[in-house]
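Chain residues, written in single-letter form:
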Amino acid sequence: MSIFNSWPGEKGATSYGDIDAYFTSANSEGTLIFWTLVCIGILCFTTWAAARHESETDKNTK
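All figures in this text were calculated on a predicted structure; none of them were measured in a lab.

Reading guide: rules and limits
- Residue indices follow the written sequence of each chain, beginning from 1 at its first position.
- For this predicted model, a pLDDT threshold of at least 70 governs which residues receive local features, and a threshold of 80 or more governs which side-chain atom pairs are given and counted, while totals over whole chains, interfaces and linings are taken from all residues.
- Only hydrogens and water are removed before side-chain values are computed, so all heavy atoms of the structure are retained for them.
- The numbering of helices and of strands both runs from the N terminus, where a helix is a DSSP run of H or I of at least 4 residues and a strand a run of E of at least 2.
- Counting of polar contacts relies on pairs of N or O atoms within 3.5 Å, with two restrictions inside protein: one atom must be capable of donating a hydrogen and the other of accepting it, and residues adjacent in sequence are counted only when both atoms are side-chain atoms.
- Between the rings of Phe, Tyr and Trp (Trp by its six-membered ring), a pair exists once the centres lie within 6.5 Å; its type follows the angle of the planes, with under 30 degrees stacked, over 60 edge-to-face, and the other angles tilted.
- Here the term buried applies to any residue with accessible area under 20% of the maximum for its type, exposed to any over 50%, and partly exposed to those in between, with areas from a 1.4 Å probe on protein chains only.
- Within this document, salt bridges are pairs made up of a side-chain nitrogen of Lys or Arg and a carboxyl oxygen of Asp or Glu, the two lying within 4 Å of each other.
- Patch definition: residues above 30% relative accessible area lacking any salt bridge, with like charges linked at up to 9 Å and the nonpolar side chains Val, Leu, Ile, Met, Phe, Trp and Tyr linked at up to 5 Å.
- Surface accessibility follows the Shrake-Rupley procedure with a 1.4 Å probe radius. Residue values consider only the protein chains on display as shielding.

Focus: the environment of Thr47
Link 1 in the chain: If you trace the backbone, Thr47 turns up in helix H1 (residues 29-60).
Link 2 in the chain: A distance of 2.9 Å separates a polar side-chain atom of Thr47 from the backbone oxygen of Leu43.

Structure representation (structure tokens):
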């Protein structure tokens, strides 16, 4: 059993009974890598934009 395909533990341990929570986006390594790269890109862009804003603010207040 893969950790990405169902809830951890026994099937009967949850109130859902025999229903498994299946995460289709984690079914493929490529999808997981894609979303990881998208998140890294968003974090890099946010950091760059904040640094640019601070630099412009510093220039305008001197």
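Okay, back to it.
What to know about the packing of aromatic side chains
Link 1 in the chain: Summed over the entire model, instances satisfying the criterion amount to two aromatic pairs.
Link 2 in the chain: Summarising the aromatic geometry, the rings of Phe34 and Trp35 are spaced 5.1 Å apart at their centres and angled 70 degrees between planes, so their arrangement reads as edge-to-face.
Link 3 in the chain: Among the residues examined, Phe34 registers a relative accessible area of 46% and is labelled partly exposed.
Link 4 in the chain: Ring centres of Phe45 and Trp48 lie 5.8 Å apart, and the angle between their planes is 40 degrees; this geometry places the pair in the tilted category. Residue Phe45 and its partner Trp48 are both found in helix H1; the two are separated by three residues, about one turn of the helix.

Remarks on the pattern of salt bridges
Link 1 in the chain: On inspection of all chains with the given rule, the structure shows one salt bridge.
Link 2 in the chain: Across the pair Glu56 and Arg52 runs a salt bridge, and its minimum N-O distance is 3.4 Å. Of the two residues, Glu56 and Arg52 are both situated in helix H1; the distance of four residues between them amounts to about one turn of the helix.
Link 3 in the chain: Overall, the relative accessible area of 39% leaves Glu56 in the partly exposed class.

With respect to a nonpolar patch on the surface
Link 1 in the chain: A cluster of nonpolar side chains, namely Ile33, Leu37 and Ile40, defines an oily patch on the protein surface of about 290 Å² accessible area.
Link 2 in the chain: If you trace the backbone, Ile33 turns up in helix H1.

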